[in-house]
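Chain by chain, the residues run as shown.
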Amino acid sequence: VAKHERSNIISLCRNVAPDWVSVTLGVFVCQGCSLIHRSIESLSQVKSVLQDTFEDKEVEFITSMGNEAAKAKYEQLAPPFYHRPSHTDCRILREQWIRAKYERQEFIHIEKQEPYSAGYREGFLWKRGRDNGQFLSRKFILSERERALKYFNKHDAREPKAIMRIETLNATFQPAKIGNPCGLQITYLRDNSTRNIFVYHEDSKEMVDWFTAIRAARFHYQKVAFPGANDEDLVPRLTRNFMKEGFMEKTGPRHTEGFKKRWFTMDDRRLMYFKDPLDAYARGEVFIGSKENRYTVVAGLPPSIQGYHWKYGITIGTPDRKFLFACETEAEQKDWIAAFQRVVNRPMMPQEYAVEAYFKHKP
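Everything quoted here is computed from the prediction, not taken from an experiment.

Here the UniProt feature "domain: PH" (unreviewed entry) sits at residues 118-219 and 241-345. Helix makes up 20% of residues 118-219 and strand 45%, and the two end C-alpha atoms of the span are 13 Å apart. Secondary structure content for residues 241-345 is 14% helix and 38% strand, while the C-alpha to C-alpha distance between its ends is 19 Å.

If you want it as C-alpha cells, here you go:
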C-alpha cells in the first residue's frame, strides 16, 4: 500500500512513518494507536503496512481517503480547546480522542459536544483525601459564569470545601502517579502557593469530558483576558503537563543540614518539592528565572559539602542563594539539568517578574 510513500506520512498523533493502517477508516496510524484501534473491533480493522496483504478494494479506499481527507471529515467541527493528543500522551486521552472522532463523531455533530462545551458541568468524582489518602466521592461543579471549579465534602452541602479559580487552574493526567488509568491531577494557586488535588472516575469518557470542560473554561476565560490573541496562542496555555517529576535529595539553605529525599515537580518556572508524590501542598517552592537575570544551572555540588548524599549533584544559582540537589543516577541528573536549562534559557515574560518578586518576599 504505497510502502515507498509511507516515510512521507505523519500519523494523526504526529508520529512519523506510521507502520499500520485502518482499512475501514482509511487512515495510517502508529503502533501505539493501532492497539487502540484494534481494541475497538466495531470501529476499525487494522493491518500492518509492512507485513499484511491488502485487497484491491482496500487499497482503493485507503488511496481515496488518507489522513488529510479523514482529518477534514472527522475533525471539521473540533473545538480549538479539545486536546488533540500525540503519541506521547496517556492511553485514556488517545482512546477517547479516537472514540470521539470516529465512533461518536462528536466533531461532525456539534450537539454531541454539549457535555464539555456548555459552560457548566456538575457531577461526582473520586477525590483523594488530603490526610488519610482515601478516595471518597465528592460533588464537583465547574461554572464558567462564576469562573470557578468547586467541590463539596458532602453531597447536600451548601458551601464548597474549595473554590478553584479558573485563572490559575491546571489539569494533567497522572495514571501512574495516582494508580488509576483515569487519574487526573488538578492544581491551582491559593495565596500564590500551589495546591494539588487528585481525582478519578471509573468511566474514561466522563473523566476526559471533565478535562475538556476545564480546558473549555480556561479557553473562554483567556479569550476575554487576552482579546487580541489568536486561538493558536491561547491553546498552549489551557493545560500543561509538568516538565519533569521525580525524586531528588536536597539540603537546607545553610548547606550544612543533611540531605533529605523529596519528590520534585517542575511546573514551568516553579520547582516544588513534596515529602510524598501525592501530597496536597508542597513543602517548598523555588522560582527559576532566566540566565539574563542571574539564574544558573551546573552539574555537581560545591566541594565543601559534607555528609552522605546521592552521587550526582546539581547546583541551581539564583540572585539570592544556591540550591543544592542530588540525583540517584547520572541519567536522572542529565534529565533534570536539561529541564532546568530549558527554563533558564527562556527569557522571562513581564508577568513572571511579579511571580519572582513574590517568591523573594515570601514569608
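Topologically, lysine 205 is positioned in helix α7 (residues 204-225). Distance from lysine 205 to arginine 262, taken between C-alpha atoms, is 34 Å for residues 57 residues apart in sequence. What lysine 205 contacts, discounting residues up to four positions off in sequence, is Gln96, Arg104, Glu106 and Pro115. In this structure the side chain of lysine 205 is engaged in a polar contact, spanning 2.6 Å, whose partner is the side chain of aspartate 209.

Taken as a whole and judged by the stated rule, the model has 20 aromatic pairs. Considering the side-chain rings of tyrosine 358 and phenylalanine 359, the 6.3 Å spacing of their centres and the 90 degrees angle between planes classify their relative orientation as edge-to-face. Look at tyrosine 358 and you get partly exposed, because its relative accessible area is 28%. Through a chain of ring-to-ring contacts, the aromatic side chains of Phe81, Tyr82, Trp97, Phe107, Tyr116 and Phe219 assemble into a single cluster. The ring centre of phenylalanine 152 lies 5.6 Å from the NZ or CZ of lysine 139, which sits over that ring. Positioned above the aromatic ring of phenylalanine 247 is the side chain of lysine 261, whose terminal nitrogen or guanidinium carbon lies 4.5 Å from the ring centre.

What counts as what
Residues numbered from 1 in each chain as written. Predicted model: local features only at pLDDT ≥ 70, side-chain atom pairs only at ≥ 80, totals over all residues. Heavy atoms only, no water. UniProt positions renumbered as here; feature names shortened; annotations may be inferred. Helix = DSSP H or I, 4+ residues; strand = E, 2+ residues; numbered from the N terminus. Contact = heavy atoms within 4.5 Å. Polar contact = N/O pair within 3.5 Å; in protein donor to acceptor, adjacent residues only side chain to side chain. Phe/Tyr/Trp six-rings, centres within 6.5 Å; stacked < 30°, edge-to-face > 60°. Buried < 20%, exposed > 50% of the residue type's maximum accessible area, 1.4 Å probe, protein only. Lys NZ or Arg CZ within 6 Å of the ring centre and 35° of its normal.

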